[in-house]
Amino acid sequence: MRIIVTGGAGFLGSHLCDKLIERGDQVIAIDNLLTGSPNNIAHLQNSPDFQFIEADANAALPEDLDFDQLYHLASPASPNKNNAQSYMALPFETMQVNSFGTWSLCEEALARGAKFLFASTSETYGDPLEHPQKESYRGNVSTTGPRSVYDESKRFGETITSAFIRHQRLDGKMVRIFNTYGPRMSSDGRVVIEFVRAALQNKRFPVFGDGKQTRSFCYVSDLVDGIITVMDKGEKGEVYNLGNPKEFTILELAEVVKKLTGANSEAEFVENLPEDDPARRCPDITKARGLGWEPKIGLEEGLKKLIVHLQTMKTP
Ligand code: NAD
Ligand code: UDP
């Protein structure tokens, strides 16, 4: 198949490109390098099955570009307000690509009879009042708070995708991705990369709040398998949670990173919990399991892979 991946030079997008090429597809990555990097796809540049188009995902695609599937992953993804690559620092870019971008790409896919998948997020649940979160839960999201540029634009992206499916016969699906980590994560301020980098430099773990908030961390290869499973086997119009349902507090994450790196690092409570930061997050993945998908890699095994990756890079 010929497959478009927007955000293909990003963390998840580049791993998705790898996996699709590995199984024999031709992949066209579209990315404006806002938060991604050419380094993430450098190893693919000589592949006859790979093409990179440096472009804005909000813009019209070349008319003669034909394809069978389109994965829309382009969007900043980190909430960390201290980081220039975060969606807090890029509010308008974030809202645009998840709203206008999704709209335009739904039209592009529809015009070619191609399948479409929208990468949504666990953030659509906001600071959840239901636990673990099922797809049927409608969330507890602020429409005006600092995270709203991301949360609400992803929710609207789901609405746009659903409307194209319902009213325009688009063959589309959506995935709500929960915290995912692995090699090629950029230093965009997300907790796993911050803690691993801190440990590799024997620095303290910068903890926001009391560190008792929870997240469920999924290794990138499991997540990519899940995205492909939903595209190929998921039901048209449906949304699927994708993540690893094992839940950890942020302090527990720090302990695991400390153990695996052998660092002397301790937690440092650097600032209050950011406004609207979810207290708990854990996916109910029953629906995706029904497609035959299951995450296989536990936190220690996945973190070891990330640590080795960073240790073999020049500047961790
Ligand atoms: P990332 O920042 O590494 O990748 C996003 C990519 O999109 C980057 O390469 C960036 O340059 C590109 N991009 C952004 N705006 C663009 C635009 N207008 N046109 C073209 N390219 C553009 O982040 P990621 O972690 O790989 O996230 C990928 C997708 O998955 C995002 O949509 C994100 O919201 C979603 N997601 C990720 C996670 C996670 O834990 N990694 C969790 C939930 C949702
Ligand atoms: N966090 C932290 N220190 C950091 C970065 C994040 O304590 O350096 C916390 C953050 O407040 C949140 C959790 O770790 O409670 C996960 O944050 P992340 O940015 O990875 O993504 P989120 O799940 O909030 O989207």
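Residues numbered from 1 in each chain as written. Chains lettered and ligands numbered in written order. Predicted model: local features only at pLDDT ≥ 70, side-chain atom pairs only at ≥ 80, totals over all residues. Heavy atoms only, no water.

For strand 6 (residues 172-177), a buried count of six out of six residues is recorded, marking the element as mostly surrounded by other parts of the structure. Of the two faces of strand 6, the one holding Gly172, Met174 and Arg176 and the one holding Lys173, Val175 and Ile177 are both buried throughout. Relative to strand 6, strand 5 (residues 115-121) runs parallel, the two sharing six bridges. Paired with Ser120 across the two strands is Arg176, which belongs to strand 6. In this view, the connection linking strand 5 to its parallel neighbour strand 6 by way of helix 4 (residues 148-168) has right-handed handedness. Where strand 6 lies against strand 11 (residues 239-242), four bridges are found, and the strand directions are parallel. Opposite Met174, over in strand 11, you have Val239 as the bridge partner. (Buried < 20%, exposed > 50% of the residue type's maximum accessible area, 1.4 Å probe, protein only. Helix = DSSP H or I, 4+ residues; strand = E, 2+ residues; numbered from the N terminus. Pairing = 2+ DSSP bridges. Right-handed = clockwise from strand over helix to strand, strands pointing away.)

On to the sheet that holds strand 3 (residues 50-54). If you walk across this open sheet you meet the seven strands as 3-2-1-4-5-6-11, and the pairing is parallel. The sheet is open, and its two edges are formed by strand 3 and strand 11, each paired on a single side. The sheet shows a mean angle of 20 degrees between the axes of neighbouring strands, taken without regard to direction. Helix 3 (residues 100-112) contacts strand 1 (2-6), strand 4 (69-72) and strand 5 of the sheet and is inclined by roughly 160 degrees relative to strand 5. (Axes fitted to C-alpha atoms, helices over the stretch in contact; angles between N-to-C directions. Contact = heavy atoms within 4.5 Å.)

Moving on: the site of ligand 1. In the vicinity of ligand 1 there are 29 residues, among which Asp31, Thr35, Ala57, Tyr150 and Lys154 approach most closely. One of the backbone N or O atoms of Asn32 is found 3.2 Å from a nitrogen atom in ligand 1. One of the side-chain N or O atoms of Asp56 is found 3.0 Å from a nitrogen atom in ligand 1. When ligand 1 sits alone it has 820 Å² of accessible area, and the protein chains cover 97% of it. Per element, the largest residue contribution to the shell around ligand 1 is three residues, and it comes from strand 5. For the shell around ligand 1, the per-class residue count stands at 14 nonpolar, 11 polar and four charged. (Near = heavy atom within 4 Å. Polar contact = N/O pair within 3.5 Å; in protein donor to acceptor, adjacent residues only side chain to side chain. Areas by Shrake-Rupley, 256 points an atom, 1.4 Å probe, with all protein chains shown as cover. Nonpolar A, V, L, I, M, F, W, Y, C, P; charged D, E, K, R; others polar.)

Here we take up the side chain of Gln133. As for its position among the elements, Gln133 is in the loop between strand 5 and helix 4. Among the residues examined, Gln133 registers a relative accessible area of 0% and is labelled buried. At a separation of 3.1 Å, a polar atom in the side chain of Gln133 contacts the side chain of His131. If near-sequence neighbours (up to four positions away) are discounted, Gln133 is found in contact with Tyr125, Pro128, Phe178, Asn241, Arg280, Arg281, Cys282, Pro283 and Asp284.

As a further point, take unusual backbone geometry. Put simply, His131 and Pro132 share a cis peptide bond, and its omega is -10 degrees. Here Pro132 lies in the loop between strand 5 and helix 4. One non-glycine residue, Asn202, lies in the positive phi region at around 55 degrees. By the secondary structure assignment, Asn202 is in the loop between helix 5 (191-200) and strand 8 (205-208). For Asn202, a relative accessible area of 46% gives the class partly exposed.

Here we come to the nonpolar core. Within the largest apolar cluster, 59 residues are counted, with the highest numbers of intra-cluster contacts made by Tyr71, Tyr181 and Leu303. Here this core takes seven residues from helix 6 (residues 220-233), the largest share from any one element. Among all residues touching Leu303, those that are not within four sequence positions of it are Tyr181, Val192, Val196, Leu253, Val256, Val257 and Leu260. Ile30, Ala109, Phe118 and Ile165 belong to the second-largest nonpolar core, a separate cluster that totals 23 residues. (Core = buried A, V, L, I, M, F, W, Y, C linked by side-chain atoms within 4.5 Å.)

Our focus in this paragraph is the site of ligand 2. Taken together, 18 residues lie around ligand 2, and Asn179, Pro206, Arg215, Asp277 and Arg281 are the ones closest in. With respect to ligand 2, the side chain of Glu123 contributes an N or O atom lying 3.4 Å from an oxygen atom. Pro206 has a polar backbone atom sitting 2.6 Å from a nitrogen atom of ligand 2. Considering ligand 2 on its own, with 510 Å² of exposed area, one finds that the protein chains cover 95% of that surface. Where the shell around ligand 2 is concerned, the elements lending two or more residues are helix 5 and strand 8. Here the residues of the shell around ligand 2 sort into eight nonpolar, three polar and seven charged.

Let us now look at the state of the cysteines. Scanning all chains against the criterion turns up zero disulfides. Lacking any disulfide linkage, Cys106 is separated from the closest cysteine sulfur, that of Cys17, by 19 Å. (Disulfide = S-S within 2.5 Å.)

Function cannot be read off these values alone, since they describe shape.
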